[in-house]
Amino acid sequence: MMQQRKNWVDWAKVLGMFFIIYGHCFPETMTNFVYAFNVPVFFLISGYLCKKEPTVKVCWHKTLHSLVIPYYILAFIKVMGGTIKHLADGQWVYSVIAVLGGFHSLNDMPGCSNLWFVFSLIIIKLCYQGLDRRGNVILGILSLLGAWLYNDVFHIELRWALADSMLAFPYFILGRYLSQMQIEQICLPKSISERCRLLVCVLLLFVMVYVVSGYNGQVKMYMNMYGDSLLLFIVAALCGSAAILGLSLLFDGYSNKLLRVISSGTIFILVFHRELLHPLLKWIGHQEFGIYMGDFLMALSSAVVLIAFYPLILIVKKFLPIVLGRRKIE
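This report concerns the structure included in the present document. (Residues numbered from 1 in each chain as written. Predicted model: local features only at pLDDT ≥ 70, side-chain atom pairs only at ≥ 80, totals over all residues. Heavy atoms only, no water.)

## A few points about a nonpolar patch on the surface
Threshold: Surface patches are drawn from residues lacking salt bridges whose relative accessible area is over 30%; two like charges belong together within 9 Å, two nonpolar side chains (Val, Leu, Ile, Met, Phe, Trp, Tyr) within 5 Å. Surface accessibility in these figures is a Shrake-Rupley result with a 1.4 Å probe; residues are shielded only by whichever protein chains are displayed. Put simply, a salt bridge is a Lys or Arg side-chain nitrogen that is within 4 Å of an Asp or Glu carboxyl oxygen. Counting from the N terminus, the helices are the DSSP runs of H or I reaching at least four residues and the strands are the DSSP runs of E reaching at least two.
A contiguous nonpolar surface patch, about 700 Å² in accessible area, is contributed by Ile 138, Leu 142, Leu 145, Trp 148, Val 153, Phe 154, Ile 156 and Leu 158. Along the chain, the position of Trp 148 falls in helix α7 (residues 133-153).

## What about the packing of helix α12 (residues 257-264) against helix α14 (residues 291-319)?
Counted only if it meets this: Here the axes come from fitting lines to C-alpha atoms, over the contacting stretch only for helices, and the angles between their N-to-C directions go from 0 to 180 degrees. Geometric relationships in this document are graded by angle, where less than 35 degrees denotes roughly parallel, more than 145 denotes roughly antiparallel, 65 to 115 denotes roughly perpendicular, and other angles denote oblique. Whether two residues are in contact is decided by their heavy atoms, any of which lying within 4.5 Å being enough. Residues are sorted three ways: Asp, Glu, Lys and Arg are charged, Ala, Val, Leu, Ile, Met, Phe, Trp, Tyr, Cys and Pro are nonpolar, and all the rest, Gly among them, are polar.
At a closest axis distance of 9 Å, the pairing of α12 and α14 adopts a crossing angle of 75°. In terms of orientation, α12 lies roughly perpendicular with respect to α14. Residue-level inspection shows Lys 257, Leu 258, Val 261, Ile 262 and Ser 264 of α12 in contact with α14, the latter providing Leu 306, Ile 307, Tyr 310, Ile 313 and Leu 314. Tallied by class, residues from the contact of α12 with α14 come to eight nonpolar, one polar and one charged.

## Details of helix α10 (residues 192-216)
Put simply, the test is: Expected span, for any helix, means 1.5 Å times one less than how many residues it has. Note on exposure labels: buried denotes an accessible area under 20% of the residue type's maximum, exposed denotes more than 50%, and partly exposed covers the range between, all computed with a 1.4 Å probe on protein chains only.
The end-to-end C-alpha distance of α10 is 36 Å, a good match for the 36 Å that 25 residues give at a rise of 1.5 Å each. Restricting attention to buried positions, one finds in α10 the residues Leu 198, Val 202, Phe 206, Val 209, Val 212, Ser 213 and Asn 216. Turning to α10, the residues buried within the fold contact α2 (31-35), α9 (183-187) and α11 (230-250). Gly 217 lies just past α10 and shows a positive phi near 85°.

## What to know about empty space enclosed by the protein
It is a probe the size of a water molecule, rolled over the atoms, that shows where empty space is left. Stated precisely, the cut-off is as follows: Cavities and pockets were defined on a 1 Å grid built over protein atoms only: a cavity is a set of grid points that admits a 1.4 Å probe from which the probe cannot escape, a pocket is an open set flanked by protein on both sides within 12 Å along at least five of seven lines, and lining residues are those with an atom within 4 Å of any such point. Grid points are joined across faces, edges and corners, and a volume is the space filled by probe spheres set on the points.
Tallied over the entire structure, the rule returns one cavity of 30 Å³ or more. Put simply, the largest cavity is a space of about 40 Å³. Forming the boundary of the largest cavity are Trp 8, Leu 44, Ile 45, Tyr 48, Leu 178, Ile 183 and Leu 245. At three residues, helix α3 (residues 40-49) tops the list of elements feeding residues into the lining of the largest cavity. In the lining of the largest cavity, the residues fall into seven nonpolar, no polar and no charged.

In short, shape yes, function no, at least from these values alone.
So this is what it looks like as structure tokens:
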């Protein structure tokens, strides 16, 4: 029996990607707010969608095709221009090592960049597969402890996806628990009054994120940095993720091909959205807009870029589906 498609999951991925793109605009009034939850919510969604396979071998086979192969193809395409430029001085080697090892950058040479998320997810999925329920909970707690030691005790500022996994793993595990709880059965609104209550909750959660993130400062998960306080980071990330999930559940009844295509191509958008975003940001920067109008136009530009990927994803799906991890568009 074919399982019914969960539209709210597509909405969560698309909304999450919108906030990823918007975060890379660095809006003056919204940067701390956006970075508080835009990456944690993606790890949470990844955990929700992940299933423990019968064996590690099966898990590795699926991870190889869905994440590992797309990661290396897209990462090497991304750094190709820089490596060719530095063939003469030998600096290209740092980019190759960075991509292979999951470093965001190395010796001022670009590495996996935004794809650190995928590298971290590969590590997390394999760890999850190899541990039982209790082991995953313990590892989640130890991961937060490790992140605290990494930042507040040793003050390491290495842009390495392996280290970033420490902050990300607990959200992945939370996503797994939400999947087992089948939150759509509990939280999916069934009446107008329930939809209104859920909308109010979403707005209050976003307000909470804005306030807490203002105190905590900017989160930089690609450097395993959670701002000024690990506790405040956890609070803001959980509230923001809950708000995105709530908003997605509100939109569950609305679906179309545009939504499904963008949802299936988030890995492609993750890698190349800056190329489409840069001209729009350059134009906004040359205008004499106020702070709030500038931030609004950045948000609008992020939505435009997201939609612009629709035909690009269809082209990639047809001619190079391997980089989408063999994801189907239904």
